[in-house]
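Structural characterization, general
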Amino acid sequence: MDTQDTSPSILLFFDKQRFIFNAGEGLQRFCTEHKIKLSKIDHIFLTRVCSETAGGLPGLVLTLAGIGDEGMSVNIWGPSDLDFLAGAMKSFIPNRAMLHTHSFGAERNASQPKDSVIILDDEVVRISAMFVKPKYHSGAGSLNDIDLKPGDTAIVYACELPEIKGKFDPAKAAALGLKPGPKYRELQLGNSVQSDQFDEMVHPSDVLGPSIPGPTVLLVDCPTQYHMAELFSLQSLSCFYEDSLDQRESGKKVNCIIHLGPSSVTKAVDYQNWTKRFGPTQHIMAGHEIKNMEIPILKGSARISSRLNFVCPQLFPSSGFWSVKPASDVMENDKSTSSEACGSVSAQNLLKFHLRPYAQFGLDSASIPSLFTYKDIVEELVSEIPEVREVPEQVRKFWQNNANIKNIPPAGSRMLMVEEPWIGQKSDKLDDGSQKHPRDNQEIPSCVEDATREDMEITFLGTGSSQPSKYRNVSSIYINLFAQGGILLDCGEGTLGQLKRRFGVNGADEAVKSLRCIWISHIHADHHTGLARVLALRSKLLRGMPHKPLLVIGPRPLERFLNAYSTLEDLDMQFLDCRHTLKPSVEAFLNESITGSATPQLENTMFAPGSRMENYNRKLASPRDTTALANFKEVLQESGLEILYSVPVVHCPQAFGVVLRASEKVNSAGKAIPGWKVVYSGDTRPCPALIDASRDATVLIHEATFEDSMKDEAIARNHSTTKEAIEVGTSAGAYRIILTHFSQRYPKIPVIEEVDMEKTCIAFDLMSVNLADLPVLPKVLPHLKVLFKDELVVEEADEMQEAAAVY
C-alpha cells in the first residue's frame, strides 16, 4: 500500500485453488484496478487480527455475498482472536453474507503449548501456522504481558507444496515383468502393483527416479521489535534452517520468504542475521518503506486526481506525498536500499514468484505496473485534449476575481457574480431580461465574504456509493477546522489511506491526532468500515500523551460493533447515540446552566410526547450517554461550533443527516458575523426534515446516487437522484450544493442535467473546498467537464460485473 496504512496482501494461486493472505483496506480497489477477481478466492488467511490486516474484510465479505443469486462465501482463517472480529462483524453483516471463519490456536494455553499447527493439508498445498507474541520487558527486567491485546499475536505461515514424483522408467518396469497399461498409472500415483510375469510386488520406488522436494514459501509477519525474540526461537522453523540437523534429515528447504514486517524491523541487525540461517533463499521485503509511496497503487484514481490538479489546483491540491519533485526522504531511502543484501528484493505490486512449473521457477516482474510521474500524466492529457492547455488560466481568473470582489463594496460584488454562462446554456438566456435564473444574483453570505482560508475547508475523501471502485472511494468527508481540529463525517473503508494521499503521511497523522469527533450517518458498511483503522491509529499516535477518548456519534448498532472490536485493538473512543443529538435535545442541553443536572432536562426534552425522540421506542438516557453528552459539549467548544445536531432521514432504520453551525465571530470592523452552516445528508430520499434543517445553509452536501432517469431505482433503494438533491438545496435556500455518493455505474463523472447548476458542484475524491472559495465553486464545473468530454457515460463492464449494492 503506497500510503503505508495496511499490511501487504499475498495471493497464492493454483489451477483450482486461490488463497489470499491479509485483506487490508483498499484490497478491493486494487483488485478492481488490476482485474483480479476476488470471487475466485477460496481462503483468506490473516497474519494478525487487526484493522491493519483485516480492514478490507467486512466490505469484501459483503461484496461476495452479493454476487449471483446465492451469494459467494470464502473461508477466513486466523488465530483464535478471529472470533472477536467475527462477532463484531455480525453486528452489521446480514446472515446471507455467510461468515465462514475458522480460528486456530485456542488450545495453546495448555501446559505444553505448541508453536505450530497445520490448518490445511490437501493434494495442492500444506499450510501451517506458527504463533509469535510480543515480549515486553518491564523496568525490573522481567517479562510483562499485561498490556497484550489479542490483536498483537502475529502468525508465520509456511506453505509447502507436495514433492514431485520422479520420472517413470518404462525399461525398469518391463524388466520387472510389467506390461504397459493401467499398472503404469498406478505406480505413478504411488501405489504398488503385482508383476504380470513374476510372483512379486513392484513398488513405485522400483520404477520411478528420485523425487524432487516440493517448494516451500514462508510468510513472516514480525510487526515490532518486541516480536523478534519469539520469532527467532520458534522450534517449528528449525527444520528449515540450513545448519540444523532437522534440515539435513528432512531435506526441507525454503525457496522464498516474504517479509511483511516494516523496514524498521527487517533492517535490524538481529533480524538480518536470522534470515541468513535459511541459506540461499529468495527474500522478498514487502513491509512499509518510504519508497513504497513512489508508485501510486490506484493508477486510475491517481491519473484523474493529477488531471484535475492540472486544471484546477485550487480545488484539487497536489498529493500530499506524490508531487512533481520526489520528496527528499524518498531520495534518501533509495540510497540506503541500494546496498540490499544479495538474495533480497523489495516487493512491488504484482511481483510474482513462480513455484511451478519448475522451468519457470523464480521471480517474474512482467506484471509490475510501470512507474509514471505527474509530468507524464499532464503530457498525456494535453496530447489527448489539446484545448485543455488554456483551462488552468481561465480557472485562475475566477480566484483573481473572487479576491478582487472582497476588496470592493458588497453591492458591486453581487453584480460580478453573474459573469459566467452556465453549462449547456446560451448566454442570451441569462441576458434577455427574462430572469429565468434569478438565483444567479444570490448574495454572498457574510460568513463567506469575511472568511479567511483558515476558517473551514471540506475535503472529500470518498464520493462513491456501495463499494470502493477504481475511481471513487466510499463515503467520507473531512471537515478541516485548522487550529480548532477536524471532524470526520462518515468513515468508509480506505478513509485513512485517502487522508494520507491528500495530506501526506505526516499530515494525515496530525489530522488524525487533532480529530474532535467522528459522526457516522448509518450502519451500512460503505459509511463506517474505515472507522476502526482511524481510531486504532489515533490511539497509537497519542499513546503516552495526555488526551481524551475520541467522541464517535452514530446509530446505536455501531456501538455494538465498536465495543466488540475493541477487544482486539485499543480504539480509545467514547460513543454517543445519534438519537441523543437531535436538535431539541441538543439545544436544551446546551442552553442549560452549567450547575444544573443534565439528566432530568434530557429526559424531559428528548423523550417528551410530541418530540422527535418519541418516535424511537427507547429507554431514557443512561449515565454513560450523559457523560458522552458532557464530552460532546466540550467538543463543540473546542471546535468553534455553536451546535452540531443529527436529523432523521429516509433511508434505513436509524439513518441520519447532520447540521454543523460555527459560532459567530467578529470581523476586523468589529461587526458580528454569523457562523457558517454545513449540512450533510447522509444517505436519504428527499425529505422535509432535511429540507428544514438545510434552511439558509452555507453548504449542503447531498447524496445524488442516481441520475434523473433512474428515479424508480432511487425510490426502491431510498436514495436521491441528482435533480432531487439539487431541488432540496434550492428549496431550502442553501448557498452552495455539493453532490456526492454517486453510483459506481458512473465511474468518473455522473450524468447531470445541466439546468439549475448555478449553485451546484460535483464532488470528486480528494477535492478540497475552502469556505473562502464558495463564490467561484459552481463556475469551475464546465471547465472540469473538458477532462471527461469523451466519457460522460461510461459503463465499465468488468468493474460492474462483480459490483453489487449490498451495503
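Relevant structure appears above.
Not measured: the values here are computed from a predicted model. (Residues numbered from 1 in each chain as written. Predicted model: local features only at pLDDT ≥ 70, side-chain atom pairs only at ≥ 80, totals over all residues. Heavy atoms only, no water.)

Take helix H3 (residues 57–65) next. An α-helical turn contains 3.6 residues, so a residue and the one three or four places further along point in the same direction. Of all nine residues in H3, nine are buried; the element is thus mostly enclosed. Along H3, the positions that sit buried rather than exposed are Leu57, Pro58, Gly59, Leu60, Val61, Leu62, Thr63, Leu64 and Ala65. (Buried < 20%, exposed > 50% of the residue type's maximum accessible area, 1.4 Å probe, protein only. Helix = DSSP H or I, 4+ residues; strand = E, 2+ residues; numbered from the N terminus.)

Our next topic: the pattern of salt bridges. One pass over the structure, following the stated rule, counts 25 salt bridges. Linking Glu380 and Arg303 is a salt bridge whose minimum nitrogen-to-oxygen distance equals 2.9 Å. Placement of Glu380 in helix H14 (residues 374–384) and of Arg303 in helix H12 (residues 299–311) is noted, with a sequence separation of 77 residues between them. Relative accessible area serves as the criterion here: at 27%, Glu380 is assigned to the partly exposed category. For Arg303, a relative accessible area of 26% translates into the label partly exposed. Note that Lys513 and Glu510 form a salt bridge whose closest N and O atoms lie 3.1 Å from each other. Residue Lys513 and its partner Glu510 are located together in helix H19 (residues 495–513), separated by three residues, close to a single helical turn. A relative accessible area of 46% means that Glu510 is categorised as partly exposed. (Salt bridge = Lys/Arg side-chain N within 4 Å of Asp/Glu carboxyl O.)

Take the packing of aromatic side chains next. Under the defined criterion, the tally for this structure stands at 22 aromatic pairs. Measuring from centroid to centroid gives 5.3 Å for Phe353 and Phe361, while their planes differ by 80°, and the two rings are edge-to-face. A relative accessible area of 30% places Phe361 in the partly exposed class. An angle of 45° between the planes, with centres 5.9 Å apart, marks the rings of Phe561 and Tyr565 as tilted. Taken together, the residues Phe561 and Tyr565, both in helix H21 (residues 556–565) and four residues apart, mark about one turn of the helix. Residue classification places Phe561 among the buried positions, given a relative accessible area of 5%. By way of ring pairs, the aromatic residues Phe14, Phe19, Phe21, Phe45, Trp77, Phe104, Phe131 and Tyr157 are connected into one cluster. Geometry around Tyr241 places Arg277 over its ring, the cationic atom sitting 3.9 Å from the centre. For Arg303, the ring lying beneath its charged end belongs to Phe372, and the centroid distance is 5.4 Å. (Phe/Tyr/Trp six-rings, centres within 6.5 Å; stacked < 30°, edge-to-face > 60°. Lys NZ or Arg CZ within 6 Å of the ring centre and 35° of its normal.)

Right, let's get into the side chain of Glu25. Inspection of the secondary structure assignment puts Glu25 in the loop between strand E2 (18–21) and helix H1 (27–33). One buried charged residue, Glu25, remains without a salt bridge, the closest side chain of opposite sign being Arg533 at 5.6 Å. Within the local environment of Glu25, its side chain forms a polar contact with the backbone nitrogen of Gly494, the two atoms lying 2.5 Å apart. In this structure Glu25 touches Met1, Thr6, Gly55, Gly56, Glu493, Gly494, Thr495, Thr529, Gly530 and Arg533, once residues within four positions along its chain are discounted. (Lys, Arg positive; Asp, Glu negative; His and termini not counted. Polar contact = N/O pair within 3.5 Å; in protein donor to acceptor, adjacent residues only side chain to side chain. Contact = heavy atoms within 4.5 Å.)

We now examine the sheet that holds strand E16 (residues 344–346). With mixed pairing, seven strands are arranged side by side in an open sheet as E6-E7-E10-E13-E14-E15-E16. Two strands close off the open sheet at either side, each with one partner strand: strand E6 (116–121) and E16. Sheet twist, expressed as the average angle between the axes of neighbouring strands with direction ignored, equals 20°. (Pairing = 2+ DSSP bridges. Axes fitted to C-alpha atoms, helices over the stretch in contact; angles between N-to-C directions.)

The buried fraction of helix H20 (residues 531–541) amounts to nine of the eleven residues, a majority that puts the element mostly inside the structure. Among the residues of H20, those classed as buried are Leu531, Ala532, Arg533, Val534, Leu535, Ala536, Leu537, Arg538 and Ser539.

Looking down a regular strand, the side chains alternate between one sheet face and the other. The element strand E20 (residues 476–480) is largely enclosed, with a buried count of five among its five residues. With burial as the criterion, each face of E20 is covered, one bearing Ser476, Tyr478 and Asn480 and the other bearing Ile477 and Ile479. Here strand E19 (residues 457–462) pairs with E20 via five bridges, running antiparallel. Residue pairing in the sheet places Gly462 in a bridge with Ser476 of E20. Summarising the sheet, E20 and strand E21 (residues 486–491) pair through five bridges and their orientation is antiparallel. Across the sheet, the residue bridging to Tyr478 is Leu488, located in E21. In this antiparallel pair of consecutive strands, E20 and E21, the connection spans five residues, and Phe482 shows a positive phi of 55°.

The subject of this paragraph is the nonpolar core. Side chains of nonpolar character tend, in soluble globular proteins, to be buried together. Counting residues in hydrophobic clusters, the biggest one holds 99 residues, and the most contacted among them are Leu644, Trp676 and Met767. Residues Val49, Met89, Tyr478 and Leu562 belong to the second largest nonpolar core, which totals 55 residues. (Core = buried A, V, L, I, M, F, W, Y, C linked by side-chain atoms within 4.5 Å.)

Note that Lys548 resides in the loop between H20 and strand E23 (550–554). Distance in space between the C-alpha atoms of Lys548 and Asn631 is 9.1 Å, their sequence separation being 83 residues. A polar contact of 2.5 Å, which involves the side chain of Lys548, links it to the side chain of Glu634.

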